[in-house]
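Each chain, written out:
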Amino acid sequence: MDVLIHLFVGLHIIGIAALLGGFLTQMKAMGRGAARFTPAMLHGALTMLVTGAVLVGLNQAEDHSVDNIKIGVKLAVLIVILGLVYVKRDDEKVDKPLFGLVGLLTVANIFIAVLWT
């Protein structure tokens, strides 16, 4: 079961890399006001949602302790990110503050995962 958990942790990290990587590749375009949400950002957020839910289930099945408040906060942040990216995915350009918010929330989600113990 540990191998399965580690596999999903790796997939979860790939999801966050796709979301953050998509944001970082659009930083130059954001400066020009032409940034857009890429398909990689949407797929990364969806990957994080699915793998995160699976990880919670696998950890609870193994009787590992799960901090439900932390998971709830991370889920709420991810749902906001996913909602923004999904709604604006077809727009040719996204407003700077909205695009920056997605990047900020993504980084916040990473720090919540790492620093909240």
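What counts and how
- Residues numbered from 1 in each chain as written.
- Predicted model: local features only at pLDDT ≥ 70, side-chain atom pairs only at ≥ 80, totals over all residues.
- Heavy atoms only, no water.
- Patch = residues over 30% accessible without salt bridge, like charges linked within 9 Å, V, L, I, M, F, W, Y side chains within 5 Å.
- Areas by Shrake-Rupley, 256 points an atom, 1.4 Å probe, with all protein chains shown as cover.
- Salt bridge = Lys/Arg side-chain N within 4 Å of Asp/Glu carboxyl O.
- Helix = DSSP H or I, 4+ residues; strand = E, 2+ residues; numbered from the N terminus.
- Buried < 20%, exposed > 50% of the residue type's maximum accessible area, 1.4 Å probe, protein only.
- 1 Å grid on protein atoms, 1.4 Å probe; cavity = no way out; pocket = protein on both sides within 12 Å on 5 of 7 lines; lining within 4 Å.
- Points joined across faces, edges and corners; volume = space filled by probe spheres on them.
- UniProt positions renumbered as here; feature names shortened; annotations may be inferred.

What about a nonpolar patch on the surface?
On the surface, M1, L4, L7, L11 and I14 cluster together into a nonpolar patch covering about 440 Å² of accessible area. Within the secondary structure layout, L11 lies in helix α1 (residues 2-25). Taking the relative accessible area as the measure of exposure, L11 reaches 33% and is therefore partly exposed.

A few points about the layout of surface pockets
In this structure, the largest pocket spans a volume of roughly 690 Å³. H12, G52, L55, I71 and K74 are, among the 25 residues lining the largest pocket, the residues nearest its centre.

Some words on the UniProt feature "transmembrane region" (unreviewed entry) in the protein
Feature annotation in UniProt assigns "transmembrane region" (unreviewed entry) to the following positions: residues 6-25, 37-57, 69-86 and 98-116. In this annotation, residues 6-25 is assigned 100% helix and 0% strand; the end-to-end C-alpha distance for the span is 28 Å.

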